Amino acid sequence: MSTRVREAGAPPEAHAVADASDRGARLVAVVIALAWHLVIGLPAVLAAGPGMAAPAVVAVGWLVTALVGVATGVRLLRGGLPPARRLAAALLVVDAAVFVAVGERFLFSTANWVWGGLAWFLLLVLWQRPVRWLLVVLAAHATIALVAVVLYGATSPADLSRYAMYVYGTSTLPVAVFAGAAALTALARDRAGTAAARSAMAAEQEAAERAQRARQARLALVSGTAEEVLVALADGDADPADPAVRRRAVLAAARLRRLIAESDDVPDPLLHELRAAADLAERNGLPIELVAVGTPPELPVDVRRGLTDPLTAALAGARGRARLTVVAGPDEVVVSLVTPDHDGADDPVPPPGGAGPVQWRDERDGEIRWTQTRWRRT
């Protein structure tokens, strides 16, 4: 299973960028460790051969370290992390064994490959752990080397200087790579997080502006729907007892209710808006039956308006009873309203123009009135 370092609250984009940066650093560290082990360590061990105190121990230590490096490298490149404590302890055991096995003659030679090569493998097994872990393990490595130097009697100023140079020269670069990779990963995460936060803020601002424009558009529609009736009533040009005026008021209220329902966050907006219109008709004393067959697809607001506006207008003038039917499929939605016909002028029904892909029909034969809207995916 992949194991990654995660910061609480950081966005996924920041993690992706940080992981990409970390993968590059892992690859570099694995290549350096294995290349050093093969190109520098192995030829020196083979060249020293029987001249070492225990060449077999040195060879086995080299092989064990190579296996640890390959297994750790594979795991790192797959996104995981190795068991740091166990592998670091195993490498320190190999470190001590090789110092003993090379003998005094090869103490400061490249045949003693743990001087320069082991630090890179310690870096691999401690990847993404705190830097202090690596410093502690390298200090243990330096202590093992110092004990070997003292036991071999290489305590002259020149030998101690060589020891200090070996420890410094073989430890500083791995520490720099280790700390630099961690710093670059953190920096990449921070920068990506900042960029993602800015993008999110811009997206939220754009969404808020779109919502504001939609609210303003709905407000304009509501104002246009109710203004004519209210002005006529206020000026005394309309009689509230006139059935035509009352139908216009009912139509304005139905449209207002439907426009309010447009902003509701519901699973099925079309049926929700039709229920709002039907509910208002019921409150005005019209028995209405709503039948829905199938599930409407996701429709834009203008299409839903084209499907519902003519039926809302027809409901405003309906008498007796009404039956509202919605038949929906993935590519087509048909909404029908059947009411008893009645004498008098036709109630105002929105024209089909401007409804886009919505078709509209309104028929009456003296007994029933049938209004239908149809949307079909093109």
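Presented here is a report on the structure given in the accompanying data block. (Residues numbered from 1 in each chain as written. Predicted model: local features only at pLDDT ≥ 70, side-chain atom pairs only at ≥ 80, totals over all residues. Heavy atoms only, no water.)

This paragraph deals with the overall build of the protein chain. The helix and strand inventory of the protein chain stands at nine helices and five strands. Ordered by position in the sequence, the α and β elements of the protein chain form the string α-α-α-α-α-α-α-α-β-α-β-β-β-β. Relative to its full complement of 378 residues, the protein chain shows a buried share of 42%. Within the protein chain, contacts between residues at least 6 apart in sequence are counted, and of these 72% link residues at least 24 apart. (Helix = DSSP H or I, 4+ residues; strand = E, 2+ residues; numbered from the N terminus. Buried < 20%, exposed > 50% of the residue type's maximum accessible area, 1.4 Å probe, protein only. Contact = heavy atoms within 4.5 Å.)

This paragraph deals with the packing of aromatic side chains. Summed over all chains, the structure comprises six aromatic pairs. Arranged with centres 6.2 Å apart and planes meeting at 65°, the rings of tryptophan 115 and tyrosine 163 form a pair that is edge-to-face. Within this pair, whereas tryptophan 115 is found in helix α4 (residues 114–125), its partner tyrosine 163 is found in helix α6 (residues 157–235), the two being separated by 48 residues in sequence. Grouping residues by exposure puts tryptophan 115 and tyrosine 163 together as buried. (Phe/Tyr/Trp six-rings, centres within 6.5 Å; stacked < 30°, edge-to-face > 60°.)

This brings us to helix α8 (residues 269–283). For α8, built from 15 residues, the straight-helix expectation of 21 Å at 1.5 Å per residue is met to within 8% by its first-to-last C-alpha distance of 21 Å. Turning to α8, its buried residues number three or more, namely Leu270, Leu271, Glu273, Leu274, Ala276, Ala277, Ala278, Leu280 and Ala281. One or two residues past the end of α8 sits glycine 285, with phi positive at roughly 95°. (Expected span 1.5 Å × (residues − 1).)

For the rest of this paragraph, the subject is the environment of alanine 29. Position of alanine 29 relative to the elements: it lies in helix α1 (residues 12–48). Residues alanine 29 and alanine 181, 152 residues apart in the sequence, show an inter-C-alpha distance of 9.5 Å. Beyond its immediate sequence surroundings of up to four residues, alanine 29 is in contact with Leu123, Leu124 and Trp127.

In spatial order, the strands read β1-β2-β3-β5-β4; together these five strands make up an open sheet with mixed pairing. In this open sheet, the two edge strands, each paired with only one partner strand, are β1 (288–293) and β4 (358–364). In this sheet, adjacent strand axes meet at a mean angle of 10° when their direction is disregarded. Where strand β2 (residues 322–328) and strand β3 (residues 332–340) come together, six bridges link them in antiparallel fashion. By the bridge assignment, leucine 324 is partnered in β3 with leucine 337. Against the sheet, α8 touches β1, β2 and β3, its axis set at about 170° to β1. Across the sheet, helix α9 (residues 301–316) is in contact with β1, β2, β3, β4 and β5 (368–376); its angle to β5 comes to roughly 175°. (Pairing = 2+ DSSP bridges. Axes fitted to C-alpha atoms, helices over the stretch in contact; angles between N-to-C directions.)

The interhelical angle for the contact between helix α2 (residues 55–77) and α4, taken along N-to-C directions, is 35°, at an axis separation of 10 Å. In this structure, α2 meets α4 at a crossing whose hand is left-handed. Contacts from Thr65, Val68, Gly69, Thr72 and Leu76 of α2 reach α4 at Leu118, Phe121, Leu124 and Val125. Residues belonging to the contact of α2 with α4 are distributed by class as follows: six nonpolar, three polar and no charged. (Left-handed = near helix turned anticlockwise from the far one by under 90°. Nonpolar A, V, L, I, M, F, W, Y, C, P; charged D, E, K, R; others polar.)

This next bit is on unusual backbone geometry. Look at glutamine 128: it is not a glycine, yet its phi comes out positive at around 70°. Checked against the element boundaries, glutamine 128 lands in the loop between α4 and α5 (131–151). Among the residues examined, glutamine 128 registers a relative accessible area of 26% and is labelled partly exposed.

Attention shifts here to α5. The end-to-end C-alpha separation of α5 is 30 Å, in line with the 30 Å expected for 21 residues at 1.5 Å each. Taken together, the buried positions of α5 are occupied by Leu134, Val137, Leu138, His141, Ala142, Ala145, Ala148 and Val149. Buried residues of α5 fall within an arc of 145° about the axis and therefore sit on the same side. Facing away from the buried side of α5 by more than 90 degrees, the exposed set consists of Arg132, Val136 and Leu151. (Arc of directions from axis to C-beta.)

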